[in-house]
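Letter by letter, the chains look like this.
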Amino acid sequence: MNLRGGWELIKRSYLGWLAGRGFYWTLTFGWMVPSLLYLFVWATVAGQGQVQGFNRDGFIVYYLCFIMLNQFTYPVCNWTVGDSIRFGRFSTWLLHPMPPMFEVIATDIAMKVVCTPFATLVTMMLLIFLHPALPFSLWSCLYFLPALLLAQILRFLMAYTLALLALWNSRADALLALNDTLIFLLAGEVAPVALLPGWLGILAMVLPFRSMLGFPVEVLTGRLSTVEIWQGFALQSAWVLAVILLYRLVWHQGLRHYASVGG
Amino acid sequence: MLYYLRLIGLFLRASIQEEMAFRLNFVVNILGTILSLTTGILGIAILFHVVTTIQGWTFPETLTLLAIYQLITALQNLVIEPSMNSLGGIDGDAWTGRFDYTLQAPVSTQFLVSFRKWRLWSFIDVSLSLILLCIALTLVGKHIGLLQLALFVFNLCVSLLIVYTIFLLLSSASLWQQGIPLTWIFNSVMQLGRYPVGIYPGALRLLLTWVVPVAFITTIPVEVLTRQASPLVLVAGAAIALGLLALASFCFRMSLRHYTSASS
């Protein structure tokens, strides 16, 4: 593993992204608006009384953590990889003496470094303005770290695999939009997964989307018992394995299918 | 006047020809609308699974609000947004320097940047949101008279006028500072109009009523339909729209004077 090369790769993307930070902060703002909307919706609902174990402060803390987590795990390769395939830059990546995935990972990390200060600032301001009681404990923070790591890997790999479908069709946008919708509904953004009714709740517990966002937030805000936490870890790991297998399949088949665009 | 109408006809024809070249966009567009409607409806359904009213709004009323929000965004996507984006958006005319040609055209520049580009697939979005509106109003179950309908259409026009002036203001700003897609910020803020503005805490509510008047854009047309909106609010809405229009036109002219081409 060449650490210095990796660092240079990140630095290059970082400087590129920093130049247009106004643009990226606009994006960051766009990502947090749906969570903000439901923060206020549920806080208003809880103002009328307790909702299944959540009071007003509970909802506020849940959604503020959700905003930060969404920021940390948001896979920018959703659109950069699709674009690079469509415009032919992908061929250059293939010729480099390293797997194109490193290029994608570097962009991903750089984007996070550029956008996180803005997201942190907004979250902190909301925290001061709404001043909820904080439920964090040492144990919840310790359990949170592996949950965050697995969530990050899962969401990144899933997005990368979906974006690689552009190798066949050169437009995977429709699938990515569907993926975003499912994340919105089932990952805990429209409502914490515990509040989803009937079959929607069951779907959310089984499908991988909660493992990407809702689960780490629930761990951090201390909403789960130790058994539930370990069950969550097991589910996350199972989905990571499944997505790795899917990725390998898509990658090998896709490369065979890929006909370069541009020069 | 007739001349301007004929020009709009020409712009429409050019836009149709352009869009026919990318027919797949039609499918992608429909999919996007259906996903947006589904998430909106499911979001409200999940919410009202837990409570019966939110700030005095019932399920059918909130659904009406969603339909109006979708209707206004669809109408905005029909001509206001594509036209303005081709000026101030990413790779827009202000960015590439093509704006010089617009300035040289022998018609009003503001007219040209406002009506130049049409996205016709939005007609489908408009009809889908009208269907949702009819369903929601049936659920509300209140008789709607002719007068109320006329008031509603009047308010819809006021809302669109407000949206138009905001876009014109943002486009003027994009002549000063390029590279930030300001209209995206507005669209994000506009999303907060999917729910009644009463749910937001004090400062944010004031911001959404008086600075970015999302409240006037979405909430008031719903109130006209489902409850009795006070005449004072209707007059205030129209006054705000006209005031904003004057302000935006003035700012646009100032920005034109400031504009110093991007190309050589």
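Quantities reported herein were computed from a predicted structural model and do not represent experimental measurements.

Draft legend 1. Layout of the overall build of chain B. Looking only at helices and strands, chain B features 12 helices and zero strands. The order of helices and strands in chain B, counted from the N terminus, is α-α-α-α-α-α-α-α-α-α-α-α. On C-alpha atoms alone, chain B measures out to a radius of gyration of 19 Å, which is about the 18 Å that the 2.2 N^0.38 rule sets for 264 residues.

Draft legend 2. Broad picture of the overall build of chain A. Helix and strand content of chain A: 13 helices and zero strands. Reading the helices (α) and strands (β) of chain A from amino to carboxyl end gives α-α-α-α-α-α-α-α-α-α-α-α-α. On C-alpha atoms alone, chain A measures out to a radius of gyration of 19 Å, which is about the 18 Å that the 2.2 N^0.38 rule sets for 263 residues. A burial count over chain A gives 40% of its 263 residues as buried. Counting contacts in chain A only where the partners sit at least 6 residues apart, residues at least 24 apart contribute 80% of the total.

Draft legend 3. Here's a closer look at the interface of chain A and chain B. If you look at the interface, chain A gives 27 residues, while chain B gives 26 residues. Mapped onto the side of chain A that touches chain B, the elements with two or more residues apiece are α2 (21-47) and α9 (173-186) of chain A. Top element by residues in the side of chain A that touches chain B is α2(A). It accounts for 12 residues. Looking at the side of chain A that touches chain B residue by residue, the class counts come to 19 nonpolar, seven polar and one charged.

Draft legend 4. Up close: helix α12 (residues 231-258) of chain B. All names here are of chain B. Across its 28 residues, α12 extends 41 Å between first and last C-alpha, which sits within 8% of the 40 Å expected from 1.5 Å per residue. All of the buried residues along α12 are Gly237, Ala241 and Ala248. Those residues of α12 hidden inside the fold are in contact with α8 (146-176) and α11 (214-226).

Draft legend 5. Focus on the confidence of the model for chain B. Across chain B, the average pLDDT comes to 84, with 97% of residues at or above 70. Quick note on the complex model: pTM equals 0.86, ipTM equals 0.83.

Draft legend 6. Highlighting unusual backbone geometry. All names here are of chain A. Phi at Gln52 is positive, roughly 40°, even though this residue is not glycine. Here Gln52 is to be found in the loop between α2 and α3 (56-73). Take Gln52: there are 11 C-beta atoms within 10 Å of it, and that puts it in the exposed class. One non-glycine residue, His131, adopts positive backbone phi at about 25°. Structurally, the position occupied by His131 is in the loop between α6 (100-130) and α7 (138-164).

The rules behind these values
In this numbering scheme, every chain counts its residues from 1 along its sequence in written order. Both sets of labels track the order of writing: A upward for chains, 1 upward for ligands. Local features in this predicted model are restricted to residues whose pLDDT is 70 or higher, and side-chain atom pairs enter the listing and the counts only when it is 80 or higher, whereas totals over whole chains, interfaces and linings include all residues. By the criteria applied, helices consist of DSSP H or I runs no shorter than four residues and strands consist of E runs no shorter than two, each listed in order from the N terminus. Just to be clear, the radius of gyration here is over C-alpha atoms, and the globule rule we use is 2.2 Å times residues to the power 0.38. To sort residues by burial, count the other C-beta atoms lying within 10 Å of each one's C-beta; a count of 20 or more means buried, 12 or fewer means exposed, and anything in between means partly exposed. C-beta atoms are built from the backbone. Each residue gets a C-beta atom placed from its backbone, and two residues are in contact if those atoms lie within 7 Å. Classes in brief: Ala, Val, Leu, Ile, Met, Phe, Trp, Tyr, Cys and Pro nonpolar; Asp, Glu, Lys and Arg charged; the others, Gly included, polar. Helix span, as expected, comes to 1.5 Å for every residue beyond the first. How sure the predictor is of each residue is captured by pLDDT, a score from 0 to 100.

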